[in-house]
Amino acid sequence: MNYCSHCGSGDIRLEVPEGDNRLRYCCPVCSTIHYQNPNVVVGCLPVFEGKILLCRRAIEPRLGFWNLPAGYLENGETVEEGALRETREEAGIEVSIVRLHALYNLPRVNQVYLFYLAEMPHDQFHGGVESLEVKLFSPADIPYHDMAFASSTFAIRQYLDHLHSDFHGVHVGKWE
Ligand SMILES: [Zn+2]
């Protein structure tokens, strides 16, 4: 951080504020402390007749790799609204949320993923500007070696591993 987003000062200092125990970007001009916290990424695991919908990324990072439809939660929306929006934007389909399926922590890159299991009302979908291709995959054909992020792989594996189990809770994982 080079400039204060509050007052425009270029005198930003990395220091521990009084009463705090972490380094923060502090502006000595307007006394604003610029807290930086993890981002929430929300998405869906859309299913149609036993197949899983994946999008091939048209944007960096990981351009060309497959991913569940997901993206950053926006201000002013719930996690459910964000997951449905990302699925609409990246896969061109309105899905129905079944339940919260997976929570994946990525403390090294300051992100938390939330994936919702979702039902597709039909198999009509299309890529948006962020997807090169959108496709339904049978469990045996999931492109595990060409997945964009470990978070999607985790959500898919947990879904398939527990397909016939009675567990309908949230699968919690962590990227080491
Ligand atoms: Zn300032």
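Quick note: structure is the one above.
Reading the values: rules and limits
Residues numbered from 1 in each chain as written. Predicted model: local features only at pLDDT ≥ 70, side-chain atom pairs only at ≥ 80, totals over all residues. Heavy atoms only, no water. Pairing = 2+ DSSP bridges. Helix = DSSP H or I, 4+ residues; strand = E, 2+ residues; numbered from the N terminus. Buried < 20%, exposed > 50% of the residue type's maximum accessible area, 1.4 Å probe, protein only. 1 Å grid on protein atoms, 1.4 Å probe; cavity = no way out; pocket = protein on both sides within 12 Å on 5 of 7 lines; lining within 4 Å. Points joined across faces, edges and corners; volume = space filled by probe spheres on them. Nonpolar A, V, L, I, M, F, W, Y, C, P; charged D, E, K, R; others polar. Donors = N, O, S within 2.8 Å, 3.2 Å for Na, K, Ca; no water. Tetrahedral: all angles 85-135°; square planar, octahedral: opposite > 155°, others 65-115°. Disulfide = S-S within 2.5 Å. Expected span 1.5 Å × (residues − 1). Contact = heavy atoms within 4.5 Å.

So, about the sheet that holds strand S3 (residues 33-34). Strand pairing in a sheet relies on backbone hydrogen bonds. The paired strands run either parallel or antiparallel. Read from one edge to the other, the open sheet built from 3 strands follows the order S1-S2-S3, with strand pairing classed as antiparallel. Of all strands in the sheet, those bounded by a partner on one side alone are strand S1 (13-15) and S3. Alignment of S1 against strand S2 (residues 24-26), held across 3 bridges, turns out to be antiparallel. Looking across to S2, one finds that Leu-14 is bridged to Tyr-25.

Okay, the pairing of strand S4 (residues 39-48) next. Counting buried positions along S4 gives 8 out of 10 residues, so the element sits mostly inside the fold. Bridge count for S4 against strand S9 (residues 111-119) is 9 bridges, and the pairing is parallel. The residue of S9 that forms the bridge with Val-47 is Glu-119. With 3 bridges joining them, S4 and strand S7 (residues 70-72) adopt antiparallel strand pairing. From the neighbouring strand, Gly-43 faces S7, where its bridge partner is Ala-70. In this structure, S4 lies alongside strand S5 (residues 51-57), joined through 2 bridges in antiparallel fashion. Its bridge partner lying in S5, Phe-48 is registered against Lys-51.

This part covers the layout of surface pockets. There is about 360 Å³ of room inside the largest pocket. If you go around the largest pocket, you meet 21 residues; those closest to its centre are Arg-57, Gly-71, Tyr-72, Tyr-113 and Phe-149. In terms of residue count, S7 provides more of the lining of the largest pocket than any other element does, 3 residues in total. Looking at side-chain class alone, the lining of the largest pocket contains 11 nonpolar, 4 polar and 6 charged residues. What lines the second largest pocket is simply Leu-14, Arg-22, Leu-23, Arg-24, Tyr-25, His-34, Gln-36, Asn-37, Pro-38 and Asn-110. Its residues assigned to classes, the lining of the second largest pocket comprises 4 nonpolar, 4 polar and 2 charged.

Listed as protein donors to the zinc ion are Cys-4 (SG), Cys-7 (SG), Cys-27 (SG) and Cys-30 (SG); their distances from the metal cover 2.3 Å. Coordination at the zinc ion comes from 4 donor atoms whose angles at the metal span 105 to 113 degrees, giving a geometry best classed as tetrahedral. Within one chain, the residues donating to the zinc ion are spaced in sequence as C-x2-C-x19-C-x2-C. Placement of Cys-7 in the segment before S1 and of Cys-30 in the loop between S2 and S3 is noted, with a sequence separation of 23 residues between them. Residue classification places Cys-7 among the partly exposed residues on the basis of a relative accessible area of 37%.

The final tally for this structure, using the stated rule, is 0 disulfides. In this structure Cys-55 is not part of a disulfide, and its nearest cysteine sulfur, from Cys-44, lies 10 Å away.

Between its first and last C-alpha atoms helix H1 (residues 79-91) spans 18 Å; for 13 residues at 1.5 Å apiece the expected length is 18 Å, and the two agree. Of all the residues in H1, the buried ones are Val-79, Gly-82, Ala-83, Arg-85, Glu-86, Thr-87, Glu-90 and Ala-91. Where H1 is buried, its residues touch S4, S5, S7, S9 and strand S10 (131-137). One or two positions beyond H1, positive phi appears at Gly-92, with a value near 65 degrees.

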